[in-house]
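# Structural overview
Here's the letter readout for the chains.
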Amino acid sequence: MAAVPIIGMGAVSAAGLTLDNAAAAVYDGIDGLSLVTRFETGLKQALRCAGIDASDKELADGPAPNRTLALAVCAVKQALASIPRPSQLKTGLVFATTVAGITRSERFYERLLKDQTHAVNAAAELAFHEPTALAGDLCRRFGLHEFHAISTACSTGLHSVGMAMRMIQRGRCDLCVAVGADALSLLTIRGFAGLLLLDPFGCRPFAQNRAGTSLGEGAAAIVLASEHAVKELAASPIALARGWGASADAHHMTAPHPQGAGAASAMRAALRDAALSPGSVDLIVAHSTGTPDNDAAEIKALQAVFGNPPPFCSMKRTLGHTLAASGILEAVFAITALTDGTIPATGGCDIPDPALGAAPSPRRRAALRTVVKNAFGFGGNNASMVFGKV
Amino acid sequence: MRPPAIIASAILRPAAEASWTDEVPQTMRRRDPRIWRMAHVVVSRCLASTGEHPKSIFAATAFGALEETRAFLEGIFASGFGSAKSFIASVHNSMAGKLAVDFSIAGPNLTFCDGPNSLASAIGGTDLLDECDFPVLIVAIDEKIELLRTLTPHLSPECRPLLGDAWEEAAAAFMISRKEDAAAVKVQATGPRFIGDVPAAHAIGSLAAEMVPGIGNSPELRTDASTPSGAGLLLHEFITSGANGRRIIATHSPAGRACAVIDVWR
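As the structure is a prediction and not an experimental result, all values here were calculated from the model. (Residues numbered from 1 in each chain as written. Chains lettered and ligands numbered in written order. Predicted model: local features only at pLDDT ≥ 70, side-chain atom pairs only at ≥ 80, totals over all residues.)

All right, on to the overall build of chain B then. From N to C terminus, chain B includes 10 helices and 9 strands. For 266 residues, the compact-globule estimate of 2.2 N^0.38 gives 18 Å, and chain B sits close to it at 18 Å. The C-alpha extent of chain B, read off along each of the three principal axes, is 60 × 45 × 35 Å. Across the 266 residues in chain B, those meeting the buried criterion constitute 58%. Here the analysis covers contacts within chain B between residues at least 6 apart in sequence; of these, 77% occur between residues at least 24 apart. (Helix = DSSP H or I, 4+ residues; strand = E, 2+ residues; numbered from the N terminus. Rg over C-alpha atoms; globule rule 2.2 N^0.38 Å. Buried ≥ 20, exposed ≤ 12 C-beta atoms within 10 Å, placed from the backbone. Contact = placed C-beta atoms within 7 Å.)

Laid out in C-alpha cells, this is it:
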C-alpha cells in the first residue's frame, strides 16, 4: 500500500512543552525525571516520574475538564497549527488513551467513599471519564469528524498512528489526526508500584543494573494526509508513514513472551506492510521500558527479525513511560531524528547489559532513511511502525 | 472491497441465564474478574458454532473492567493496598488480552472505547485490517456494577439509559469473515461521528441515510441501543431470526457527543 505523508506533528512531555524545544533533550538522553509533587502518591518512598511542570489551564491554553485532555489539546494544537483546513476536506481522529479521565474520577471516588452525599456531583465529575468523551471534545475543539477511541495499554499511541494511516489509505478521510495522551494518575502509579515495576533510581533501559521503569505523562499528535489533501493544501510532508504491524503475544497478561515472539511478529508485519526488508532499517526506537524481562525480550525480538540489529535507542529516561502516549510521543521524536539525521542517546544506560547481546547506540550523526518504532503493552499487545524519509 | 460477513455469533445474558457460570473454566472461577469470565463464556459459545479460528480480536466496551477499577481504588483509599490483579484487569484492553491468551489468537488485538458506539466502531474498524488478519472475533461487553446504582440518579438524563437500571448486562461475540458467503449475514458500520449540538435522532437519521442511500433512514428499519452489548444483542437477534431484509442499529454517546450506525442485511 502507498506510504502516507505526515504533514504535522506536536508533542508535550517532560522534555518540553513543544516539539522543537524538546528534541535536543531527547537526542542527548537527559534525565527527565523529577519528584512527583502534584499529588500524594501514598508510597513510602519518594517517587521520580517524568511529570510536566505546567497547569492544565496552561497546557490547554484555557479550561480543560481533566489533565489527559489538557495534554491532548496541547499536542493537537501544535500539530494543526500550520495546516489550513478547508471545509471540503474530511478530517478524522484516532484517539489513544489508557487513563482518560481517571485523574478526576479517582479523586471523586475518594471523596465518595468518605461521604456518599458527594454522589450529587457525579454528572460534573464523571462527564469526561470515558475515552470517547475526550475524543468527542477534541472533535469539538478542532473541527474533526469521524473518530475511533482506542485503548490497548502502552501500545495504544502507536496503534493510533497505524489506524490513522489505514484510514487515509482506505479513503475514509482526507486528513487524519492520531493522538495519544495520558496524565500521571494515582491509579497507574500505585498499580505499577504494586507490581514492583518501578525503578526507585529511575529507569535504566538496556543497562546491566536496570530494575524497572519510570512513569511519565505527555501527549503527541501526528497529522497524516492523503496525496489529494497534500496537493490541495500545498503542504510539505515531514516524513512518510510506511507500515503498521499489530500482534498479540497470546502468552501472559503482564510478562512478555520470553523470546519476543509477538514483538517480532509485529515488526515483521510492519516491514511487510512497508514492502521493506529488515536490512533497509537504519534506526530502531525501542519500547524499552527498563524492566529486566521487557528489555531482554525486545532484544531477542530484534535479533530474530534483524540478525545483528541496526542502531537502536530508548527515550524512556527522558520522557518517562507515558503509557498510551509513549508509542506516538516517541514516534514523533523518531521522525525528527530521521529528518535531523541523528541517532539519539539512551539516557540511563551507563553500562549496557552484556547478557543482552546488543547495546544501544551512542548519540551520533547518521544518514537515516528508515526508522522503526516499537510499543508493547499489558495483555501482550504489540505495535510497530515504519517511518521513512520523504 | 467485499462487505464483511458474520459467520458465527453468540450472546450471554447473565440475568436470564443462572447457570452461565457452569461454563466458566475451573481455573478462572475463583480469582478472575467477572467480566473476563463473561467474555470467555461468550467467546467459547461463538467458537463452538464455527470451524474457523479467529486471527484477530476486537473488543468493544464503554468502561472495560469497571468493577476492578473501583475495587483497586477502594483498596488504595480504604486500606492503602490495591490488588495487583485488579490493577491489571482495570486496563481497558485486559479482556482482549486475556482472550488472546485463552484462545491462542496472536494477530491484531484492539479495544474500542467509544461508549455506546463501541460495537459500531469495532465493526467499522475491521475495514482497517488486512485480508490476512481475518476472521476477526468481535466481543461487545460491559458489566453492571453496584456503584452505578448510587451514581445514576445524579447523572444527566441523557446518560442514565447507558448507566441506569434500564439496560441489561450482556456480552455478545461475532466472528467476521471476508470470505465469499452468499448465505451469511453482511454487516457494515459508520462512525462514531461527532454531532456536536445536533439532536441525536436527526444526526443518526442523516448518518443512516448516508450509509444506505434511499432507505437507511426508514423508521421501520431502525432500532436504537444504549450500550455496546445492547447493540450486540440486537445484531445477534437479527442473525438468528433468519429473516431476510436489513436492520439499522443506531447508537448515541452523550459523553462523546457522537453517534454511529450498524447496517446488517441478509
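All names here are of chain B. Relative orientation of the contacting elements helix 2 (residues 34–48) and helix 5 (residues 94–103) amounts to 50 degrees, with a least axis distance of 10 Å. When the axes of helix 2 and helix 5 are compared, the pair comes out oblique. Remark: the crossing between helix 2 and helix 5 carries right-handed chirality. For the pair helix 2 and helix 5, contact is made by I35, W36, A39, H40, V43 and L47 and by M95, K98, L99, D102 and F103, respectively. Its residues placed into classes, the contact of helix 2 with helix 5 shows 8 nonpolar, 1 polar and 2 charged. (Axes fitted to C-alpha atoms, helices over the stretch in contact; angles between N-to-C directions. Parallel < 35°, antiparallel > 145°, perpendicular 65-115°, else oblique. Left-handed = near helix turned anticlockwise from the far one by under 90°. Nonpolar A, V, L, I, M, F, W, Y, C, P; charged D, E, K, R; others polar.)

Time to look at the pairing of strand 1 (residues 4–12) of chain A. All names here are of chain A. Buried residues dominate strand 1, accounting for 9 of its 9 residues. Of the pairings in the sheet, the one linking strand 1 to strand 8 (residues 239–248) comprises 3 bridges and is antiparallel in character. Directly across from P5, in strand 8, lies its bridge partner L240. With 6 bridges connecting them, strand 1 and strand 7 (residues 218–225) associate as antiparallel partners. When the bridges of strand 7 are listed, G10 appears paired with A221. (Pairing = 2+ DSSP bridges.)

Between B:F134 and the following residue, B:P135, the backbone shows a cis peptide bond with an omega angle of 0 degrees. Structurally, the position occupied by B:P135 is in the loop between helix 6 (118–125) and strand 4 (136–142). Here the residue pair B:G191 and B:P192 is connected by a cis peptide bond, since its omega of 5 degrees sits within 30 degrees of zero. Locating B:P192 in the fold gives a position in strand 6 (residues 185–194). For A:L196, which is not glycine, the phi torsion reads 60 degrees and is therefore positive. Mapped onto the elements of the fold, A:L196 is located in the loop between helix 8 (186–194) and strand 7.

Glancing now at the confidence of the model for chain B. Here chain B averages 93 in pLDDT, and 97% of its residues register 70 or above. Taken over the whole predicted complex, pTM reads 0.98, whereas the ipTM for its chain interfaces reads 0.97. (pLDDT = per-residue confidence, 0-100.)

Turning to the interface of chain A and chain B, a few remarks are in order. Every contact between the two is made by 54 residues of chain A and, on the other side, 54 residues of chain B. Sorting the residues of the side of chain A that touches chain B by element identifies helix 4 (102–114), helix 5 (122–126), helix 6 (131–142), strand 5 (147–150), helix 7 (156–169), helix 8, strand 8 and helix 10 (261–273) of chain A as the ones contributing at least two each. Of the residues forming the side of chain A that touches chain B, the biggest block, 7 residues, is contributed by helix 6 of chain A. Looking at the side of chain A that touches chain B residue by residue, the class counts come to 26 nonpolar, 20 polar and 8 charged.

Given a rise of 1.5 Å per residue, 13 residues ought to cover 18 Å, and the 18 Å separating the end C-alpha atoms of helix 4 of chain A matches this to within 8%. If you check which residues of helix 4 of chain A are buried, you get A:I102, A:T103, A:R104, A:S105, A:E106, A:F108, A:Y109 and A:L112. Structurally, helix 4 of chain A contributes buried residues whose contacts are with helix 3 (67–80), helix 5 and helix 8 of chain A together with helix 3 (66–79) of chain B. (Expected span 1.5 Å × (residues − 1).)

Looking now at the domain arrangement of chain B. Size of an interface, as often reported, equals the accessible area lost when the parts are brought together. Residues and elements named next belong to chain B. Taken domain by domain, chain B holds domain 1 (5–177) and domain 2 (185–265). Put simply, the middle of domain 1 and the middle of domain 2, counted by C-alpha atoms, are 21 Å apart. Each partner contributes residues to the interface: domain 1 has 30 residues there, and domain 2 has 30 residues. Elements represented by at least two residues in the side of domain 1 that touches domain 2 include exactly strand 1 (5–12), helix 6, strand 4, helix 8 (160–163) and strand 5 (170–177). The leading source of residues in the side of domain 1 that touches domain 2 is helix 6, at 6 residues. For the side of domain 1 that touches domain 2, the class distribution of residues is 19 nonpolar, 8 polar and 3 charged. (Domains from an automatic or database assignment.)

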